[in-house]
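If you want the building blocks of each chain, they are given just below.
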Amino acid sequence: MAAVLPVTLWPRGTAQALEFQVAQMRQSMQARFGEGGVQRLEAWLSMLDQQAGRSVPAQLKAVNDFWNQNVVGSEDILIWGEQEYWATPLETLGKRAGDCEDYVIGKYFSLQRLGLPVEKLRFIYVRARIGGIGSTQSIAHMVLGYYETPQSEPLVLDNLLGNMLPASQRKDLTPVFSFNAQGIYVAGAQPASVERISRWKGLLARMKQEGFMP
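Residues numbered from 1 in each chain as written. Predicted model: local features only at pLDDT ≥ 70, side-chain atom pairs only at ≥ 80, totals over all residues. Heavy atoms only, no water.

Draft legend 1. Summary view of the environment of Thr174. Its location among the elements puts Thr174 in strand β8 (residues 173-180). The exposure class assigned to Thr174 is partly exposed, which follows from its relative accessible area of 46%. For the pair Thr174 and Ala128, spaced 46 residues apart in sequence, the C-alpha separation works out to 6.5 Å. With sequence-adjacent residues up to four places away left out, Thr174 is seen in contact with Tyr125, Val126 and Arg127. (Helix = DSSP H or I, 4+ residues; strand = E, 2+ residues; numbered from the N terminus. Buried < 20%, exposed > 50% of the residue type's maximum accessible area, 1.4 Å probe, protein only. Contact = heavy atoms within 4.5 Å.)

Draft legend 2. Local environment of unusual backbone geometry. Unusually for a residue other than glycine, Arg96 sits at a positive phi of about 60°. Tracing the chain through its elements places Arg96 in the loop between α4 (89-95) and β3 (97-98).

Draft legend 3. Summary view of the layout of surface pockets. Approximately 230 Å³ is the volume attributed to the second largest pocket. Along the wall of the second largest pocket there are 16 residues; nearest its centre are Ser74, Glu75, Asp99, Cys100 and Glu101. Elements supplying a minimum of two residues to the lining of the second largest pocket: α5 (100-113) and β5 (138-146). In the lining of the second largest pocket, the residues fall into 5 nonpolar, 6 polar and 5 charged. (1 Å grid on protein atoms, 1.4 Å probe; cavity = no way out; pocket = protein on both sides within 12 Å on 5 of 7 lines; lining within 4 Å. Points joined across faces, edges and corners; volume = space filled by probe spheres on them. Nonpolar A, V, L, I, M, F, W, Y, C, P; charged D, E, K, R; others polar.)

Draft legend 4. Highlighting the pattern of salt bridges. This model, assessed by the stated rule, comprises 8 salt bridges. For the salt bridge of Arg170 with Asp172, the shortest nitrogen-to-oxygen distance reads 2.9 Å. What makes Arg170 buried here is its relative accessible area of 4%. Residue class for Asp172 comes out partly exposed when judged on its relative accessible area of 21%. Among the charged side chains, a salt-bridge network with shared partners connects Arg32, Glu91, Arg206 and Glu210. (Salt bridge = Lys/Arg side-chain N within 4 Å of Asp/Glu carboxyl O.)

Draft legend 5. Summary view of the pairing of strand β4 (residues 121-129). β4 sits mainly inside the fold: 7 of its 9 residues count as buried. In the sheet, β4 pairs with β5 via 9 bridges, with the strands oriented antiparallel. If you follow Arg129 over to β5, its bridge partner there is Ser138. Pairing geometry for β4 and β8, over 6 bridges, is antiparallel. By the bridge assignment for β8, Phe123 is matched with Phe179. (Pairing = 2+ DSSP bridges.)

Draft legend 6. Just the packing of aromatic side chains, in detail. Tallied over the full model, the rule gives 15 aromatic pairs. Residues Trp44 and Phe212 carry aromatic rings whose centres are separated by 6.1 Å and whose planes lie at 45° to one another, so their mutual orientation is tilted. Remark: Phe212 occurs in strand β10 (residues 212-213) and Trp44 occurs in helix α1 (residues 22-51); sequence separation between them is 168 residues. Phe212 gets classed as buried once you look at its relative accessible area, which sits at 0%. Consider the rings of Tyr125 and Phe177, whose centres lie 4.9 Å apart with planes at 40°: the pair is tilted. With Tyr125 in strand β4 and Phe177 in strand β8, the pair connects residues that are 52 residues apart, well separated along the chain. Among the aromatic side chains, those forming a connected cluster through ring pairs are Trp86, Tyr108, Phe109, Phe123, Phe179 and Trp200. Here the guanidinium or amino end of Arg113 rests over the ring plane of Phe20, the centre of that ring lying 4.2 Å away. For Arg122, the ring lying beneath its charged end belongs to Tyr147, and the centroid distance is 4.9 Å. (Phe/Tyr/Trp six-rings, centres within 6.5 Å; stacked < 30°, edge-to-face > 60°. Lys NZ or Arg CZ within 6 Å of the ring centre and 35° of its normal.)

If you want it as structure tokens, here you go:
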């Protein structure tokens, strides 16, 4: 997988950590998912507290492992009764299930909470080859890319593979486009506003209701 649209300079951004209204988050989880949901929320908050101030590689590994180990891969139609639904981190933890987008959402906002600059993180849509080397079958998939510098190839955080690998080592993935809170990035085109992604706006609105301050 090639790096997805490296840029000469980072867009102007801040490294301010994502704010949580923890009491509101607990109330939301209790109301929708009961005590089990609250316990899973506490496990997530505890992991984030333990990672605060640690090295970026350690934080990336801890966050990737947490979501991969605490969420069962499934499909939106089975979890939510909808063909396409972007779940908030609380909803994914509440259900203990999610599809590829939900893993990425959980990881993205976890790393934002730890203070990683948003410009270093991107949701990357890819075609993922299935069936092994030589297969021509592929599925639509999403991974999280971490860019150490604007020129770096991204480190790929993926629910299909436990190990984080540089994009060049993921020969099974073909990038389509990427985005984050600052824009949509397509090779050969100028960045576009993320406001064009309606599910992103809906996701942030529901997160605010739960106690996130994205």
